[in-house]
Amino acid sequence: MSTLVSRNPVTGEVVAEHAAADEATVREVVTRARSAGLWWTSRRPRERRDALLRWKSELVAGSADLAAVIRAETGKPTTGALLEVMLAVEHLDWAARNAHKVLRRRKVAAGVLAMNQRALLEYVPFGVVGVIGPWNYPVYTPLGSISYALAAGNAVVFKPSEYTPGVGQWLADAWARVCPEPVLQVVIGDGRTGQAVVESDVDMVAFTGSADTARRVMAACATRLTPLVVEAGGKDALIVAADADLDAAAGAAVFGGLGNAGQTCAGVERVYVVADVYDRFLAAVTEKASAVRPGADDSAAYGPMTMPGQIEVVRRHVSDALAGGGVAALGGTDSIRAPFVEPIVLTGVAEDSRAMREETFGPTLVVNPVRDVEEAIRLTNASPYGLAAAIFTRDKARGLSTARRLRTGAVSVNSVLGFAAVPALPFGGVGDSGFGRVHGADGLREFSRPKAVTWQRCRAPIDLMRFDASPRAVRTALRLFRMRHGRGH
Ligand code: NAD
């Protein structure tokens, strides 16, 4: 068995060493999960809810400790780590308290053709869900899948990112303290361990990570037709209409673009500003962004780039944007001082450049002028990604109609990431940002199979589901059919 070493991205110091799970270990863990899952499913909904709430209490009581592990492995400031724990706990609480209401058996209308039937619908768990997570929000993001999968009655095998194994271990240890069965287990390792999870006999995979890895995971899932949820990257746009509160919009763009060093799947990467207010907006963004400082200390606004390889991606995008005619309103390639990247604001960047097409995942903002909101919508929708977007406008009707027309899974009007703290709303993307949903009632259903049951209460008055149906019954059925559907509406 090999060893996985996690390091502090600022100092390079070893945070912890973990045994990496190979294929055989993953298989054993999945087998254990299967029997734990049967136990879990057979508990009463109230017992599952109580176990999840006990787990929640562990997260709350241990939040300072958990935040310290997040900080050690990702480098983010303690406030950012705590914010992520607080948001994750809100979702866990919602999933625990709403699972039964959303998934329980209910009667649905049987319809005229089946008046003699009682029709029942319920949502049953898949069994064992393999959850594969990223490093950027190592609690909030995987818990979006784990909480909802557990609440829906599944056992979970969680493969955290190789950059944040300690966080994954912390979550599984907390579970072990509140539940006698290994309903949640962790397997630690890099992509090979992730691949072993996908290729094991898990009943479903919830993947969060880059679109490229998602393609490999999807190809592997195809072998066994394993159902898959993909939460992938983004290239989110923020649109500033001429009537927007410019100060609020600039503040949101700066927080949405630079927060967590830009390492946010639904962070702001592109800003489209209506020409009339472009100069004023750019000045406000530049002023606010220049006051933001990265660092290793706790009073820094954001921390280092967690994954060393991402620094070169940021450098490539910035150089490419500048070489293609873009202008740096703040910073430039000199702002990249590994492991930190100081805020970079670019403008006039060509739409076909890397900085506009690919996920940068760094503390950069591209602010481009547009003729009007129509053009902003067209450019926003031209991205292969479609995770989230934002629009700033004082016109409610414009805000809502723009939200409808944006090809993304979520839209915030007059804020950024507005949906992140609303557990009842589903989260997920379009196109290269993935498919399927976590969070909310849709998130609970995502981790369940709808099960249809009919219960015949009496014989049908007109029964055609038999070989000896009388010609009279067929004629009556046809007459009723034409009366019901033959009038053109
Ligand atoms: P990544 O794709 O490199 O890795 C994600 C996970 O997949 C890791 O745990 C990794 O070990 C595992 N993995 C790698 N190869 C695998 C394989 N062949 N089979 C199975 N698993 C494999 O992504 P990352 O760098 O960890 O995370 C950053 C990405 O995640 C960004 O693109 C970001 O936008 C995205 N993200 C999306 C969301 C969302 O909810 N949509 C949330 C957070 C991050």
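Residues numbered from 1 in each chain as written. Predicted model: local features only at pLDDT ≥ 70, side-chain atom pairs only at ≥ 80, totals over all residues. Heavy atoms only, no water.

The six strands are arranged β7-β6-β5-β8-β9-β21 in an open sheet whose pairing can be described as mixed. Of all the strands in the sheet, the pair left with one neighbour each is β7 (184–186) and β21 (434–435). Inspection of the sheet shows strand β5 (residues 128–132) paired to strand β6 (residues 155–159) by five bridges, in the parallel sense. Following the sheet pairing, V129 is matched in β6 by V156. Sitting on the sheet, helix α6 (residues 165–178) is in contact with β6 and β7, with an inclination near 150° to β7. Helix α8 (residues 211–224) rests against β8 (204–208), β9 (228–231) and β21 of the sheet, and its axis sits at about 170° to β8. (Pairing = 2+ DSSP bridges. Helix = DSSP H or I, 4+ residues; strand = E, 2+ residues; numbered from the N terminus. Contact = heavy atoms within 4.5 Å. Axes fitted to C-alpha atoms, helices over the stretch in contact; angles between N-to-C directions.)

Within the open sheet, the seven strands sit side by side as β12-β15-β16-β11-β10-β18-β19. Their pairing is mixed. Looking along the sheet, the strands with just one partner apiece sit at the ends: β12 (327–330) and β19 (410–413). When the angles between neighbouring strand axes are averaged without regard to direction, this sheet yields 25°. When β12 meets strand β15 (residues 344–347), the two strands line up antiparallel, connected through three bridges. When the sheet's bridge partners are listed, L330 is paired in β15 with V345. Where helix α11 (residues 308–323) meets the sheet, it contacts β12, β15 and β16 (364–370), and its direction lies at approximately 30° from that of β15.

Summarising burial for strand β11 (residues 268–274): seven of the seven residues are buried, a large majority. Across five bridges, strand β10 (residues 236–240) lies against β11 in parallel orientation. Across the sheet, the residue bridging to V240 is V273, located in β11. The parallel pair β10 and β11 is bridged by helix α9 (residues 246–258), and the resulting crossover is right-handed. The pairing of β11 with β16 spans five bridges and is classified as parallel. Looking across to β16, one finds that V273 is bridged to P369. (Buried < 20%, exposed > 50% of the residue type's maximum accessible area, 1.4 Å probe, protein only. Right-handed = clockwise from strand over helix to strand, strands pointing away.)

Around the ligand, the structure places 30 residues, and the nearest of them are K159, E162, S210, T213 and E359. Measuring from an oxygen atom of the ligand, one finds a backbone N or O atom of G133 at 2.7 Å. Within the side chain of K159, a nitrogen or oxygen atom sits 2.7 Å from an oxygen atom of the ligand. For the ligand, the accessible surface in isolation is 850 Å², of which the surrounding protein chains cover 90%. Broken down by secondary-structure element, the contributors of at least two residues to the shell around the ligand are α7 (191–199), β8 and α8. Split by residue class, the shell around the ligand holds twelve nonpolar, twelve polar and six charged. (Near = heavy atom within 4 Å. Polar contact = N/O pair within 3.5 Å; in protein donor to acceptor, adjacent residues only side chain to side chain. Areas by Shrake-Rupley, 256 points an atom, 1.4 Å probe, with all protein chains shown as cover. Nonpolar A, V, L, I, M, F, W, Y, C, P; charged D, E, K, R; others polar.)

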